[in-house]
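Fold and geometry: a report
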Amino acid sequence: MPGSESTTTLAAVAQHLAAAVRSAGELALEASKKPVKSWVKAQNSPVSEVDLAVDALLKTRLAAIMPEAAWLSEETEDDPARLAARRVWVVDPIDGTRAFLAGRPDWTVSVALVEEGRPIVAALYAPATEELFLAVAGGGVTRNGLAIRASAGEGLAGARISGPKRLLDQVAAAVPEVVIGTRVHSLALRLARVADSTLDVAFAGGDSHDWDLAAADLLVHEAGGAVTTIAGATLCYNGAIPTHGMLVAAGRRRHRALSTLLCSSDAPLR
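Just so it is clear, the structure is predicted and the values come from calculations on it, not from any experiment.

**Remarks on the sheet that holds strand S12 (residues 201-204)**
Pairing is mixed in the open sheet, where five strands are placed in the order S11-S10-S12-S16-S14. Where the open sheet ends on each side, the last strands, each with one partner, are strand S11 (179-180) and strand S14 (225-229). When S14 meets strand S16 (residues 247-251), the two strands line up antiparallel, connected through five bridges. Looking at S16, one finds that valine 227 is bridged to alanine 249. Set on the sheet, helix H5 (residues 187-195) makes contact with strand S10 (160-162), S12 and S16; between it and S12 the angle comes to about 155°. In the packing of helix H6 (residues 210-222) onto the sheet, contacts are made with S14 and S16, and the angle to S14 comes to roughly 140°.

**Description of the sheet that holds strand S9 (residues 146-147)**
Judged by pairing direction, the sheet is mixed, and its seven strands sit side by side in the order S3-S4-S5-S6-S7-S8-S9 without closing on themselves. The strands lining the two open edges of the sheet, one partner per strand, are strand S3 (70-73) and S9. The pairing of strand S7 (residues 131-136) with strand S8 (residues 140-143) spans four bridges and is classified as antiparallel. Considered in S8, the bridge of phenylalanine 133 is made with arginine 143. With respect to the sheet, H6 is in contact with S3, strand S4 (87-95), strand S5 (108-115), strand S6 (118-126), S7 and S8, its orientation differing from that of S6 by roughly 100°.

**Quick notes on the packing of aromatic side chains**
Summed over all chains, the structure comprises one aromatic pair. Where phenylalanine 100 meets tryptophan 107, the ring centres are 4.9 Å apart and the plane angle is 80°; that geometry is what we call edge-to-face. The same class applies to phenylalanine 100 as to tryptophan 107, namely buried.

**With respect to helix H4 (residues 165-174)**
All of the buried residues in H4 are Leu167, Leu168, Gln170 and Val171. Buried residues of H4 fall within an arc of 160° about the axis and therefore sit on the same side. Facing away from the buried side of H4 by over 90 degrees, the exposed positions are Lys165 and Ala173.

What counts and what doesn't
- Residue numbers run consecutively from 1 along every chain, following the written order of its sequence.
- Confidence filtering applies because this is a predicted model: local features only for residues at pLDDT of at least 70, side-chain atom pairs given and counted only at 80 or more, and all residues used for totals across whole chains, interfaces and linings.
- Hydrogen atoms and water are omitted, and side-chain values are computed over all heavy atoms in the structure.
- One bridge is not enough; two strands pair if DSSP finds at least two bridges between them.
- By definition, any uninterrupted DSSP run of H or I lasting at least four residues is a helix, any uninterrupted run of E lasting at least two residues is a strand, and each is numbered from the N terminus.
- We call two residues in contact when some of their heavy atoms are within 4.5 Å.
- Helix axes are fitted only over the stretch in contact, all axes being lines through C-alpha atoms; the angle between N-to-C directions runs from 0 to 180 degrees.
- In summary, the pairing rule links any two rings of Phe, Tyr or Trp, Trp by its six-membered ring, whose centres are within 6.5 Å, and it sorts them by plane angle into stacked for under 30 degrees, edge-to-face for over 60 and tilted for everything else.
- Categorising residues by exposure relies on relative accessible area from a 1.4 Å probe, with only protein chains included: less than 20% of the type maximum marks a residue as buried, more than 50% marks it as exposed, and the intermediate range marks it as partly exposed.
- The arc in question is traced by the directions running from the helix axis to the C-beta atoms.

Rendered as structure tokens:
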């Protein structure tokens, strides 16, 4: 168990975090009913005035929960002081901004408390579908208060998978029996769909960031799954460059089988 707190203490942090992400999601959902000002930032990524408003709300609320924790958010200028911090809040105010702006339901508010590189508390809220995912390291994961679990088994035939098309096409070429699902635009929510067994496998393309991943990583882990690199390496958060390459999430037995397939393939994923 990371740190010295008991699971009970971290569970109390999780409840405060749940209230914060709900408030943030409600703010965003209400704002979406009116015209929203948006623009394009670096790497052709969209951002809106609502992203910034949610970011500000969360920064205030999370500082009240744990003022000693540092801050890493997609919508805040990076502060290198976080690198020396034992704990850091890792935040995506709206994961899936394109979906949010398009009026789609698959966007989320994603927050994790990371300690020494790994998430120990996580909340993911999808306001449009009123789904709240909550996890504590060593304490399990819930969706709207009910325990969830990643799908069991190791077979890939019939497995429901989602992710970037180029990756899905390569898996389908090796295992034609896989079932390709609709792409979930919020990467955090796509991974969470492995935690609640809506999906059996989810992929992330290259250049994902800590704020896309940290909360969902803990959800999947506590649901009996794993989120790793294609080679099977565990992710470490709050690094100097908070980006990651291609990733795969699945229940642990299926994850092992999939990693073996991908790493032994004559045409590795790219």
